[in-house]
Amino acid sequence: MSFSSYFTHKTGGDSIFSVEAPKIKFGHGSLNEVGDDAKALGMSRVGVFTDPRVAQQEPVAKVVESLKSNGLDVEVYDQVAVEPTDISFKQGSQFASEGKFDGFVSVGGGSVMDTCKASNLYSCYPADFLDYVTAPIGKAVPVPGALKPHIACPTTFGTASECTGIAIFDLLEMEVKTGIVSPMIRANLGVLDPSVLSSLPPLVRAANGFDVFSHACESITARPYTHRTAPESSQQRPLTQGANPYSDLACLEAIKLIGTHIVQAVNDPLEDSYDSLMFAGMLAGIGFGNAGCHLPHGMSYAVAGLVKDYTPEGWPTDHNMIPHGISVIVNSPAVFRKTGPACAERHWKAAAAMGADLTDTKVEDGGDILADQIIGMMRETGIPNGLSGVGYTMDDLDALTDRSYAQKRLIDNGPMPISRDELKELFSEAMSYW
Ligand SMILES: NC(=O)c1ccc[n+]([C@@H]2O[C@H](COP(=O)([O-])OP(=O)(O)OC[C@H]3O[C@@H](n4cnc5c(N)ncnc54)[C@H](O)[C@@H]3O)[C@@H](O)[C@H]2O)c1
Ligand SMILES: [Fe+2]
């Protein structure tokens, strides 16, 4: 079998990619089966994680009812912080440790599912907080063994946290976002019921849609798995391996679904579009869970971590924040213009999938065509105008660059090497687009 020439073998590079498929259940009514699923996973006393707003919504009521009607003992923790921090992860871990649970269910967005993963980890294997956090910020100590069973029920569609072995948080003292990455923290089951999306505010829908797009587009334009140095043993092959034929398949379809539905879904949603959005988020999650993201996400952790006074419409107003999807997409057009020449055809295909008119265009201009298409769609969905739209000025370029340059795992997964100066230039290009 021969794959695309993008995967041509390079001396010293890996010749193998592995596929970690998450266990997923998808469809209307699936939340009503969570009690049954929890029992099948051996749970009898369940800690349910959610945030204060989602706690008031139907999905939590459905899940709690399903657990109780299956005879399970349930305690709800509704204090998850939106865009979690090291402090809120520790508070969740304390709840998980004290409750003597034998399993967990998370009902909410990425903030809730990530907090549940981390709380499960630290309650099962207590350690200094930075031990399990990725290097160089943390010590990247391997997770010692299996965790307690966890069923993740997303109420957003962007993060695909139900599919991934990733938990992201804001490390307050360093003003930077970072995370824990291990296949051991992945949920045992993801339960996706598209009807939960009907109550999402418009800008949350937009931020989620662009997060999905960027997961998928970063995955197909990532460094090919054949160019990552071959590991010394199979156990050292990373979870995120670079672009590969399996993730390509899921990601191009995810981009097509977002391209077709996101503008309408933000401005005037149709009931049908929720199925497509939720499915797109899941596909991109499967893709980036194996391939990995690169520069737009690597830059986003500094953009979110250094927030000044931005308060987005649709999120809680108790603290300033740049929500994840927004902190990613403000970087993406600048990045894809830069990375275009490294794999033009892949950028061109992504532009086509997003709905760009390719009449009379050249494949080698793929990066610019894709960037222009994203900018047009950002404007149509109310996304801020680049970094200046979320409160940054040229005076912030060095701080943004220094904090992102530390995200080595992501920067190295791009299709071309990027120096510190080039990274600074990308932030400068991302300052405003229109
Ligand atoms: N683990 C991963 O693989 C991964 C990947 C990408 C991002 N993340 C992380 O996920 C977090 C962002 O998650 P998110 O975008 O899903 O949003 P979120 O969980 O932060 O929620 C955003 C807002 O929407 C509200 N909300 C959620 N569901 C709702 C619903 N159905 N109806 C009404 N309101 C609802 C929440 O209360 C909150 O105010 C960030 O911390 C980000 O870094 C994790
Ligand atoms: Fe993301």
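Residues numbered from 1 in each chain as written. Chains lettered and ligands numbered in written order. Predicted model: local features only at pLDDT ≥ 70, side-chain atom pairs only at ≥ 80, totals over all residues.

Some details on unusual backbone geometry
Where we set the bar: Helix and strand definitions here come from DSSP, where helices need a minimum of 4 consecutive H or I residues and strands a minimum of 2 consecutive E residues; each element is numbered from the N-terminal end.
The omega torsion across A135 and P136 is 5°, close enough to zero to call that bond cis. Take P136: it is sitting in the loop between α4 (110–124) and β5 (150–154). Even without being a glycine, E83 presents a positive backbone phi close to 55°. Residue placement: E83 occurs in the loop between β3 (73–77) and α3 (86–98). Phi at A160 is positive, roughly 60°, even though this residue is not glycine. By secondary structure assignment, the location of A160 is in the loop between β5 and β6 (166–171).

Comments concerning the site of ligand 1
Heads up, the condition is: In this analysis a residue is considered near a molecule or strand if the C-beta atom, reconstructed from its backbone, is found within 6 Å of that molecule or strand. Following the grouping adopted for this structure description, the nonpolar residues are Ala, Val, Leu, Ile, Met, Phe, Trp, Tyr, Cys and Pro, the charged ones are Asp, Glu, Lys and Arg, and the polar ones are all others, Gly among them. Per the annotation, domain bounds derive from an automatic or database assignment of domains.
Taken together, 31 residues lie near ligand 1, and R53, G109, G110, S111 and T156 sit nearest. Where the shell around ligand 1 is concerned, the elements lending two or more residues are α4, β6, α5 (202–220) and α9 (324–329). Of the residues forming the shell around ligand 1, the biggest block, 4 residues, is contributed by α4. Looking at the shell around ligand 1 residue by residue, the class counts come to 12 nonpolar, 15 polar and 4 charged. Of the domains in this structure, domain 1 (5–18 + 199–429) and domain 2 (29–192) are the two that each give at least three residues to the shell around ligand 1.

Here we look at the nonpolar core
Applied cut-off: By convention in this section, buried Ala, Val, Leu, Ile, Met, Phe, Trp, Tyr and Cys residues joined through C-beta atoms within 7 Å make up a nonpolar core. Buried residues are those with 20 or more other C-beta atoms within 10 Å of their own C-beta, exposed residues have 12 or fewer, and partly exposed residues lie in between; C-beta atoms are placed from the backbone. Once C-beta atoms have been placed from the backbone, residue pairs whose C-beta atoms lie within 7 Å are recorded as contacts.
Counting residues in each nonpolar core, the largest one holds 119 residues, and the members touching the most others are V63, V105, A254, I255 and A284. Each of domain 1 (5–18 + 199–429) and domain 2 (29–192) accounts for three or more of the residues forming this core. Sequence-distant contacts of I255, defined by excluding residues within four places in its chain, comprise F213, A216, C217, A350, A353 and M354. Ranked by size, the runner-up nonpolar core spans 15 residues in total, among them I168, F169, L171 and V181.

Quick look at the domain arrangement of the protein
By the assigned domains, the protein splits into domain 1 (5–18 + 199–429) and domain 2 (29–192). One C-alpha centre belongs to domain 1, the other to domain 2; they are set 25 Å apart. On the domain 2 side, the residues contacting the 32 residues of domain 1 number 24 residues. Contributing elements (two or more residues each) for the side of domain 1 that touches domain 2: α5, α7 (273–291), α8 (295–305), α9 and α14 (408–411). The element best represented in the side of domain 1 that touches domain 2 is α7, accounting for 8 residues.

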